[in-house]
Amino acid sequence: MQACRSLVVAAASRHGGTCEIADRLATTLAEVLPEGWTVVRSDLSDLRTLDGADAVVLGSAIYFGHWMHSAARALSYVKDAALFDLWLFSTGPISEIESENAQIISANAMVTSGQAIEHKVFGGRLDTSRLNWIERAAATAVHALPGDHRDWDQVDEWARHIAEQLGVVPARPGGAAAS
Ligand SMILES: Cc1cc2nc3c(=O)[nH]c(=O)nc-3n(C[C@H](O)[C@H](O)[C@H](O)COP(=O)(O)O)c2cc1C
């Protein structure tokens, strides 16, 4: 019988769009991981929830080119631990071109140094009705396009890809590649 193993999904979000991506990742992972795995959907208020996990998926919305503070803090927390398999994701770009340009230096550096397995960038959601006037002005200044640019098939595909990389479900030919 396989030992119990746990995977934690945690993310920082200001207006909920990234939270919903983390929710979906956790749901899909819970569906595809085999018996013996528990998926925990956690917030970032108590980083000790990451202790003891076998795998962690950590994400953040991008604001002004950076991860949100709570996610950056979590990244520092896990940086030295390196006790679990770690996947990172960012949400924010609201067009394909911006997606190519999105560079979250700290997350990319962790992949390069081998501390994280992958850093995935997902499209975000810009709902101007949820923004305060400062954010609305900033979004206009950077020519951000309002709308929901999240691709749920892409999110599901990445969750399955993580399960494959954990080596607990068979890899499919032509599965998701890192971005
Ligand atoms: C004021 C403001 C600044 C933003 N800055 C960036 C940015 O620098 N890069 C980016 O890719 N997206 C940026 N975005 C887009 C957000 O990251 C995107 O809307 C994201 O999905 C929001 O996630 P949340 O709903 O979880 O807060 C910005 C949005 C706002 C409102």
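Just so it is clear, the structure is predicted and the values come from calculations on it, not from any experiment.

Cut-off values and rules
- Residues numbered from 1 in each chain as written.
- Predicted model: local features only at pLDDT ≥ 70, side-chain atom pairs only at ≥ 80, totals over all residues.
- Heavy atoms only, no water.
- Salt bridge = Lys/Arg side-chain N within 4 Å of Asp/Glu carboxyl O.
- Helix = DSSP H or I, 4+ residues; strand = E, 2+ residues; numbered from the N terminus.
- Buried < 20%, exposed > 50% of the residue type's maximum accessible area, 1.4 Å probe, protein only.
- pLDDT = per-residue confidence, 0-100.
- Polar contact = N/O pair within 3.5 Å; in protein donor to acceptor, adjacent residues only side chain to side chain.
- Contact = heavy atoms within 4.5 Å.

## Section: the pattern of salt bridges
Line of reasoning, step 1. Following the criterion strictly, the structure yields ten salt bridges and no others.
Line of reasoning, step 2. Between Glu 135 and Arg 14 there is a salt bridge, and its shortest N-O distance comes to 2.7 Å. Here the residue Glu 135 occupies a position in helix H5 (residues 133-141), and Arg 14 occupies one in the loop between strand E1 (5-12) and helix H1 (17-32), the gap between them amounting to 121 residues.
Line of reasoning, step 3. The exposure class of Arg 14 is partly exposed, given its relative accessible area of 41%.
Line of reasoning, step 4. Taking the shortest distance from any N to any O, the salt bridge between Asp 46 and Arg 48 comes out at 3.0 Å.
Line of reasoning, step 5. A relative accessible area of 31% places Asp 46 in the partly exposed class.
Line of reasoning, step 6. It is possible to trace a salt-bridge network through shared partners that takes in Glu 20, Arg 125, Asp 148 and Arg 150.

## A closer look at the confidence of the model for the chain
Line of reasoning, step 1. Here the chain shows a mean pLDDT of 86. Residues at 70 or above account for 88%.
Line of reasoning, step 2. Model confidence for the chain, summarised as mean pLDDT per element, is weakest for helix H3 (residues 96-101) at 54 and strongest for H1 at 97.

## So, the side chain of Asp 156
Line of reasoning, step 1. As for its placement among the helices and strands, Asp 156 is situated in helix H6 (residues 152-165).
Line of reasoning, step 2. Judged by relative accessible area, Asp 156 falls into the buried class, the value being 11%.
Line of reasoning, step 3. Engagement of the side chain of Asp 156 in a polar contact is seen with the side chain of Arg 24, the distance being 2.8 Å.
Line of reasoning, step 4. Contact partners of Asp 156, with chain neighbours within four places excluded, come to Arg 24 and Thr 28.

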